[in-house]
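The residues making up each chain are set out below.
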Amino acid sequence: MRLIILGTGSMAGEHARNFALDPEVEIVAAVEPTQQRLGQFAEAHGIPHRFAGLDEAIAWGDFDAAANVTPDAVHYPTTMQLIAAGKDVFCEKPLATEYSQAREMADAADSAGVINMVNLTYRAAPPVQRAREMVLAGEIGTIKHFEASYLQSWLVGRHWGDWQTEDRWLWRLSSAHGSKGVIGDIGIHIVDFATYAAGSDIASLSSRVRTFQKVAGDRIGDYTLDANDSVVMSVELANGALGSIQATRWATGTLNDLRLDLYGDRGALRLLAGGRQSSLLACIGADIDTQTWREVACPPVPTNYLRFATAVRSRVNGDPDFRRAAALQHVLDLSFAADGLGSLAIA
Ligand SMILES: NC(=O)c1ccc[n+]([C@@H]2O[C@H](COP(=O)([O-])OP(=O)(O)OC[C@H]3O[C@@H](n4cnc5c(N)ncnc54)[C@H](O)[C@@H]3O)[C@@H](O)[C@H]2O)c1
């Protein structure tokens with residue numbers, strides 16, 4: 001497979017390193033408007049061709065597939081262009097910034113018959129795959145309740161750089177730069193993580209969304225800091241389970257944790273992924289009476305990058321595909337709409 005990488009910012013390195021693990025993938029070009037970044041990236045990963053824009057790359061055309069690692073709002077126009085050119089696309093999440101666009105992308109990919117996948121990274125976390133198998137096998141019975149959260153703290157700590165000066169963080173805080181805030185950035189991961197493990201999609205939700213003041217005037221240079229930083233959803237799944245899904249960038253003391261507890265009527269599962277540790281614990285059978293949790297072994301899972309490469313070779317689409325990502329986008333849109341419905345104040 002001859003692959004191009006579109007967008008050579010911070011996440012693009014992950015794509016280059018991971019695709020390089022497949023000997024049949026050749027990264028033939030990088031596309032990026034910021035010239036210095038393009039040059040450094042292409043040098044670092046030994047990529048022969050460089051383009052300042054997608055038009056040029058498509059006019060050249062000597063590639064099969066593209067990894068779209070541009071900012072969120074750029075996914076839609078560039079992916080539609082790639083699909084129209086008949087290229088397979090591995091797109092970063094969120095697929096688009098609104099459901100109608102995401103659905104259009106899924107429809108276009110299906111009509112064109114191109115391979116289409118979205119990089120919901122935590123599908124490759126072994127606990128989520130093992131948990132889903134256990135749930136679908138009935139090992140915890142019927143899920144009644146769940147708690148899911150995705151916790152980051154880059155607005156508080158400097159471990160990932162300085163959000164006040166680096167554009168890769170500032171665009172994530174600004175609606176005008178296409179960000180849907182924490183909801184679009186990591187809310188999509190935890191909605192997918194929770195519903196995939198639970199084996200059931202969201203049937204209804206209510207939500208509270210908050211943008212906290214970060215600097216005086218809520219503005220840094222061209223960036224108006226109006227995109228949300230915290231969301232709390234209460235959710236009912238199609239299988240009847242009730243639960244909460246939260247995401248925040250204000251979880252001081254956590255690096256990048258996805259946490260999920262699934263409580264069934266015959267057992268429970270506790271998943272941790274994303275950060276420095278990954279684990280799956282189960283409390284099943286006689287252990288329920290003593291609240292004893294035991295570690296469950298989780299076999300390794302291939303990354304989305306390698307599964308995309310396999311899908312391109314086999315011409316059988318992989319999961320999560322654009323259709324799944326569009327369904328998640330629908331949930332994200334509803335979480336904004338539900339926040340607008342307000343809440344009851346204590347008089
Ligand atoms: N799957 C994950 O776990 C994960 C993790 C981090 C980021 N992401 C996603 O990856 C994407 C990129 O994030 P990032 O942190 O690398 O952002 P970034 O700002 O560091 O990099 C984006 C790059 O795209 C370039 N770009 C902008 N418009 C372009 C265009 N039209 N054509 C080509 N390049 C263009 C920018 O100049 C920049 O270099 C985002 O959608 C983000 O949500 C996913």
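Residues numbered from 1 in each chain as written. Predicted model: local features only at pLDDT ≥ 70, side-chain atom pairs only at ≥ 80, totals over all residues. Heavy atoms only, no water.

Caption draft 1: Region of interest: the site of the ligand. Lining the immediate surroundings of the ligand are 25 residues, of which E32, R37, D72, T121 and W171 lie closest. R37 places a polar side-chain atom, nitrogen or oxygen, 2.6 Å from an oxygen atom of the ligand. Compared with its free state, where it exposes 850 Å², the ligand has 86% of that area covered by protein. If you list the elements that add at least two residues to the shell around the ligand, you get α4 (72-84) and α8 (181-198). The element best represented in the shell around the ligand is α4, accounting for three residues. Grouping the constituent residues of the shell around the ligand by class yields eight nonpolar, nine polar and eight charged. (Near = heavy atom within 4 Å. Polar contact = N/O pair within 3.5 Å; in protein donor to acceptor, adjacent residues only side chain to side chain. Areas by Shrake-Rupley, 256 points an atom, 1.4 Å probe, with all protein chains shown as cover. Helix = DSSP H or I, 4+ residues; strand = E, 2+ residues; numbered from the N terminus. Nonpolar A, V, L, I, M, F, W, Y, C, P; charged D, E, K, R; others polar.)

Caption draft 2: Main features of helix α2 (residues 35-45). Among all positions in α2, only L38, G39, F41 and A42 are buried. Within two residues after α2, G46 carries a phi angle of roughly 60 degrees, on the positive side. (Buried < 20%, exposed > 50% of the residue type's maximum accessible area, 1.4 Å probe, protein only.)

Caption draft 3: Quick look at the pattern of salt bridges. Scanning all chains against the criterion turns up 23 salt bridges. Residues R172 and D185 are paired through a salt bridge, measuring 3.4 Å at the closest nitrogen-oxygen approach. Here the residue R172 occupies a position in the loop between α7 (167-170) and α8, and D185 occupies one in helix α8, the gap between them amounting to 13 residues. With respect to class, R172 is no different from D185; both count as buried. One connected set of salt bridges, linked through shared partners, spans R123, D192, D201, D319 and R324. (Salt bridge = Lys/Arg side-chain N within 4 Å of Asp/Glu carboxyl O.)

Caption draft 4: View of the domain arrangement of the chain. When its domains are assigned, the chain resolves into domain 1 (2-121 + 305-319) and domain 2 (126-300). The distance between the C-alpha centroids of domain 1 and domain 2 comes to 26 Å. In this complex, domain 1 contributes 12 residues to the contact, which on the side of domain 2 involves 12 residues. A buried area of about 1000 Å², summed over both sides, lies between domain 1 and domain 2, and 57% of it is on carbon and sulfur atoms. Ranking the residues of domain 1 by area buried against domain 2 places D72, K93 and L120 at the top, with a combined share of 41%. Viewed at the interface, domain 2 and domain 1 are joined by two salt bridges. A salt bridge links K93 to D185; its shortest N-O distance comes to 3.2 Å. In this assembly, domain 1 and domain 2 are joined by two residue pairs in polar contact (both at pLDDT 80 or more). Across the side of domain 1 that touches domain 2, the residue classes break down as four nonpolar, four polar and four charged. (Domains from an automatic or database assignment. Contact = heavy atoms within 4.5 Å. Buried area = accessible area lost by both parts, 1.4 Å probe.)

Caption draft 5: Inspection of the sheet that holds strand β16 (residues 294-295) at higher detail. Pairing within the open sheet is mixed, and its eight strands lie in the order β8-β11-β12-β7-β13-β14-β15-β16. Both edges of this open sheet fall to β8 (202-210) and β16, since each of them pairs with a single strand only. The sheet contact formed by strand β11 (residues 230-237) and strand β12 (residues 242-248) spans seven bridges and is antiparallel. Looking at the pairing, S230 lines up with T248 of β12. (Pairing = 2+ DSSP bridges.)

Caption draft 6: Molecular detail of α4. Between its first and last C-alpha, α4 extends 19 Å over 13 residues, near the 18 Å set by a 1.5 Å rise per residue. On its buried face, α4 sits against β1 (2-6), α3 (54-60), β4 (65-68), β5 (88-91), α5 (99-112) and α10 (322-339). The positive-phi residue at the C-terminal boundary of α4 is G86, with phi of around 80 degrees. (Expected span 1.5 Å × (residues − 1).)

Caption draft 7: Representation of the layout of surface pockets. Empty space within the largest pocket amounts to approximately 1200 Å³. Contributing to the lining of the largest pocket are 47 residues, with S10, M11, V69, W171 and R172 lying nearest its centre. Per-element accounting of the lining of the largest pocket gives the leading share, four residues, to α4. Its residues assigned to classes, the lining of the largest pocket comprises 19 nonpolar, 18 polar and 10 charged. Lining the lining of the largest pocket are residues from two domains, each supplying at least three of them: domain 1 (2-121 + 305-319) and domain 2 (126-300). Its volume calculated, the second largest pocket comes out at about 200 Å³. In this structure, the second largest pocket is lined by 13 residues; those nearest its centre are D201, I202, A327, H330 and V331. (1 Å grid on protein atoms, 1.4 Å probe; cavity = no way out; pocket = protein on both sides within 12 Å on 5 of 7 lines; lining within 4 Å. Points joined across faces, edges and corners; volume = space filled by probe spheres on them.)

Caption draft 8: Structural context of the pairing of β1. Within β1, four of the five residues are buried, leaving the element largely enclosed by the surrounding structure. Judged from the five bridges that link them, β1 and strand β2 (residues 26-31) form a sheet pairing that is parallel. Residue pairing across strands places R2 opposite E26, the latter belonging to β2. Since β1 and β2 lie parallel, the crossover through helix α1 (residues 12-19) that links them has a hand, and here it is right-handed. With four bridges connecting them, β1 and β4 associate as parallel partners. (Right-handed = clockwise from strand over helix to strand, strands pointing away.)

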